[in-house]
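Next come the chains, spelled out residue by residue.
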Amino acid sequence: MIRRSGPARPRAAHVEVGPPTPAVEVRHLVKEFVDRHGQVVRAVDDVSLAVREGEFFALLGPSGCGKTTTLRAIAGFEEPTAGEVLLRGRPVRGVPPFHRPVNTVFQDYALFPHMTVRQNVMFGLRMAHVPPADARRRADEALDLVRLPDVGERRPGQLSGGQRQRVALARALVNRPAVLLLDEPLGALDLKLRKAMQVELKQLQQQVGITFVYVTHDQEEALAMADRIAVMAAGRALQVGPPVEVYEHPADRFVADFIGETNFVEGVLEAREASGAVGVVRLRDGRALRAALRDPDVAPGGSVTIAIRPEKIALVPVDVDALDDADPGAVAAGAGVDARYSAAAGFSDLRGEVTDAHYLGTDVRYRVRSGDVELVVRVQNQGGGFDGAALRGRRVAARWRVEHASVLA
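These figures come from a predicted structure and were not determined experimentally.

A. Molecular detail of unusual backbone geometry. Positive phi is not limited to glycine here, since aspartate 46 has a value of about 60°. Tracing the backbone shows aspartate 46 in strand 2 (residues 40-51). Residue aspartate 46 is classed as partly exposed on the basis of its relative accessible area of 38%. Although it is not a glycine, alanine 234 adopts a positive phi angle of roughly 50°. Checked against the element boundaries, alanine 234 lands in the loop between strand 9 (228-233) and strand 10 (236-241).

B. The pattern of salt bridges, seen in detail. The tally for this structure, following the rule as stated, stands at 34 salt bridges. Two residues, glutamate 84 and arginine 27, come together in a salt bridge whose shortest N-O distance is 3.3 Å. Of the two residues, glutamate 84 sits in strand 4 (residues 82-87) while arginine 27 sits in strand 1 (residues 24-34), which places them 57 residues apart along the sequence. When its relative accessible area of 35% is taken as the criterion, arginine 27 is described as partly exposed. As a salt-bridge pair, arginine 378 and aspartate 363 come within 2.8 Å of each other at their nearest N and O atoms. Of the two residues, arginine 378 sits in strand 18 (residues 373-380) while aspartate 363 sits in strand 17 (residues 363-370), which places them 15 residues apart along the sequence. Judged by its relative accessible area of 28%, arginine 378 is partly exposed. Judged by relative accessible area, which is 11%, aspartate 363 ranks as buried. Salt bridges linked by common partners bring Glu32, Arg42, Asp45 and Arg236 together as one network.

Cut-off values and rules
Residues numbered from 1 in each chain as written. Predicted model: local features only at pLDDT ≥ 70, side-chain atom pairs only at ≥ 80, totals over all residues. Heavy atoms only, no water. Helix = DSSP H or I, 4+ residues; strand = E, 2+ residues; numbered from the N terminus. Buried < 20%, exposed > 50% of the residue type's maximum accessible area, 1.4 Å probe, protein only. Salt bridge = Lys/Arg side-chain N within 4 Å of Asp/Glu carboxyl O.

Below, the structure written as structure tokens:
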């Protein structure tokens, strides 16, 4: 008997899976204004960003850098002069703010003082013609989410600053936006409350899973909260990356100077070492220092700057050659000699003297003068006593690991 075979099954096609569509994408965004003198001012200058779905993304920079204008272009409050904004892959030029899948939280909260808290939270739902019973239920759920379940009948004026901030968040979240835009939302709070709200806001974002785009001028706030940071200046995005990357490996001098405290040492790039990852920088007085060289376009012979964070530097007594035998308290209580900071090839140092020492509680801040170079050194306070006067004039070597210093063009 001959068995007839059935139709051959088609072979499954190989499907290329591309990267996920960003929640927010800004492509070559330009925004120009005309000032009161009739001059054209470019507030945003060719900015391109891609914010991932579910990401906490911070726009960080000083006043006037273009971060709020960029946020307003995403929200629809500003029409770009050039470039485009896409939300989940869809261009939104000409789409009004209330038709975009975003909500905005402002620094002044913008709550209606004549309405109750619940009515404020329900306001957007009423505008969207959500049935009253559903709107009330969703508003109460939003207030529970921000840990304000019992204030629905109060007026905004009866709440503290932190509570009003949470109400503004609840009102923004109740519409279930794809993206939440936050423009300096914690700026009006005192320091202690602001730090507490940073923790709460990050936890809330992780809980709801909504994409946050967060504008701030506070470097510590951005480092503590964001998954990635875009550092902006003069309308441009200078560096985009995770906090640890932006802090540890700044792209240029502005980024290094704006985020945290940094020492800058000027010189000329004399050579690249064989690995290409380390540069030898010659100072004006002839001394040579080694530092990480991450920019392949920096050529020997050009003027460069070495950037070193104060907490990356150790203070070593100059009369100590064998660091393993050094007295951990030789410089100061808490400024011990660490075995990591040896005179081996993986380290650089400058020798000089301590000109100042300040006790700051958690750490001690030193100034070290070495020729025409002055370094700030911060050493964690791990000891007990402190005598700043006795430390001034001490001869030390300020020593750091080569990879902890960066050569900047």
